[in-house]
Amino acid sequence: MVNKMMFVLLKQLVKKPATNPFPVKHAPANVTALIEKVQKGEVQINPPVPVPEGFRGKLVYDPERCIGCRLCIMVCPADAMEWIPELKKIRHYVSRCMFCALCVDVCPGKKFPGEEKAVKALRMSEEFLIADYDKYSDNLIEEPPEAKEMLKKEAESTAQVEEKA
Ligand code: SF4
Ligand code: SF4
């Protein structure tokens, strides 16, 4: 028994490690220095383990395909969708999302002329490296570009009112 265990152990010692050294083989002492080296091409990043088919990553929203039916808002168990009444479109907060894809299932989408069938306005992408310092960063909010402009103008006019007061 012991001999058999020793044999298995010795066999493992000469085998290649089964781990995926992502993003680099050893944890860097200085992350900023590592990023600089990667940018200069001095260090190669090992790719992460590929995701399987049907993986539910970051939700992607295409406002052009959105008919404003609000079904996604109704089914979302995480309250991650917000209605934008001025645009009749939605805003999606990725940081609240639990990647269940119920909204994708229910989205009817829109058919453009010449197309055979409607294409959904929502889809789960393969993106999962979405850590951020700010849960409201641009990368973590999906919305029509006009919505960003609207919010910017609102913030500017609020600042002007506060300045005058
Ligand atoms: S994937 Fe699930 S949690 Fe995320 S927005 Fe859609 S319904 Fe909500
Ligand atoms: S994203 Fe889809 S489900 Fe949500 S409002 Fe637009 S068309 Fe409807």
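Residues numbered from 1 in each chain as written. Chains lettered and ligands numbered in written order. Predicted model: local features only at pLDDT ≥ 70, side-chain atom pairs only at ≥ 80, totals over all residues. Heavy atoms only, no water.

Where an unreviewed UniProt entry is consulted, the protein chain appears under the name NADH-quinone oxidoreductase, with the organism given as Thermococcus radiotolerans.

Novice: So what about the pattern of salt bridges? Which residues, and what values?
Specialist: Under the definition given, this model contains six salt bridges. Residues Lys148 and Asp138 are paired through a salt bridge, measuring 3.8 Å at the closest nitrogen-oxygen approach. Highlighted residues: Lys148 in helix 5 (residues 145–164) and Asp138 in the loop between strand 4 (122–124) and strand 5 (141–142), separated in sequence by ten residues. Classification of Lys148 as partly exposed rests on a relative accessible area of 29%. A salt bridge links Glu143 to Lys148; its shortest N-O distance comes to 3.1 Å. Taken together, the shared-partner salt bridges connect Glu82, Arg91, Asp138, Glu143 and Lys148 into one network. (Salt bridge = Lys/Arg side-chain N within 4 Å of Asp/Glu carboxyl O. Helix = DSSP H or I, 4+ residues; strand = E, 2+ residues; numbered from the N terminus. Buried < 20%, exposed > 50% of the residue type's maximum accessible area, 1.4 Å probe, protein only.)

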